[in-house]
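Residues per chain, in single letters:
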Amino acid sequence: MEVWVISLNDIRREIADRRVEIRDIMLTSQQVKVFRFLRRYAEPVRSSGVAKRFNFSAQHACMVMDGLYQKGYVDRKQQPQESGGFEYEYVSAIDGDRT
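The structure displayed is predicted, hence computed values, not measured ones.

Tell me about the nonpolar core, and name the residues and values.
Ranked by size, the top nonpolar core spans 16 residues in total, and within it Val34, Val50, Phe56, Met65 and Leu68 carry the most contacts. Look past the residues within four positions of Met65 in its chain and what remains in contact with it is Val34, Leu38, Ser47, Val50, Val74 and Tyr90.

So what's going on with the sheet that holds strand S2 (residues 74-80)? Residues and values would help.
Read from one edge to the other, the open sheet built from three strands follows the order S1-S3-S2, with strand pairing classed as antiparallel. Here the strands that pair on one side only, and so sit at the sheet edges, are strand S1 (45-46) and S2. Pairing between S1 and strand S3 (residues 86-92): two bridges, direction antiparallel. Note that in S3 the partner of Val45 across the bridge is Tyr90. Along the sheet face, helix H5 (residues 58-70) touches S2 and S3 and points at about 125° away from the line of S2.

I'd like a description of the pattern of salt bridges, backed by residues and values.
Tallying each qualifying case throughout the model produces four salt bridges. The partner of Arg13 in a salt bridge is Asp10, with the nearest N and O atoms 2.8 Å apart. On the criterion of helical spacing, the pair formed by Arg13 and Asp10 is a turn pair, its members being three residues apart in helix H1 (residues 8-17). Between Glu87 and Arg46 there is a salt bridge, and its shortest N-O distance comes to 3.7 Å.

Definitions and limits used
Residues numbered from 1 in each chain as written. Predicted model: local features only at pLDDT ≥ 70, side-chain atom pairs only at ≥ 80, totals over all residues. Heavy atoms only, no water. Core = buried A, V, L, I, M, F, W, Y, C linked by side-chain atoms within 4.5 Å. Buried < 20%, exposed > 50% of the residue type's maximum accessible area, 1.4 Å probe, protein only. Contact = heavy atoms within 4.5 Å. Pairing = 2+ DSSP bridges. Helix = DSSP H or I, 4+ residues; strand = E, 2+ residues; numbered from the N terminus. Axes fitted to C-alpha atoms, helices over the stretch in contact; angles between N-to-C directions. Salt bridge = Lys/Arg side-chain N within 4 Å of Asp/Glu carboxyl O.

What follows is the structure in structure tokens.
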């Protein structure tokens, strides 16, 4: 595994030079917690499971997971429900996760 050493000044310079791109991939504190959980979880996770695990409303869990998906941190796959609708199953999109 390759290790990169980057100084804080290099990071600051990148943030200043690429403010818009970096903002687009930054995570909220709730997204960080959910993503860390998802990276360690062996099976795909549905937003309903995230809602239960983190005591979120179903709507809020969907928003958190959609944000992770839109920013490229998770992949998702549609799964049908008995009601006739569907729910997404999410897995980490970051290479090397789930070790």
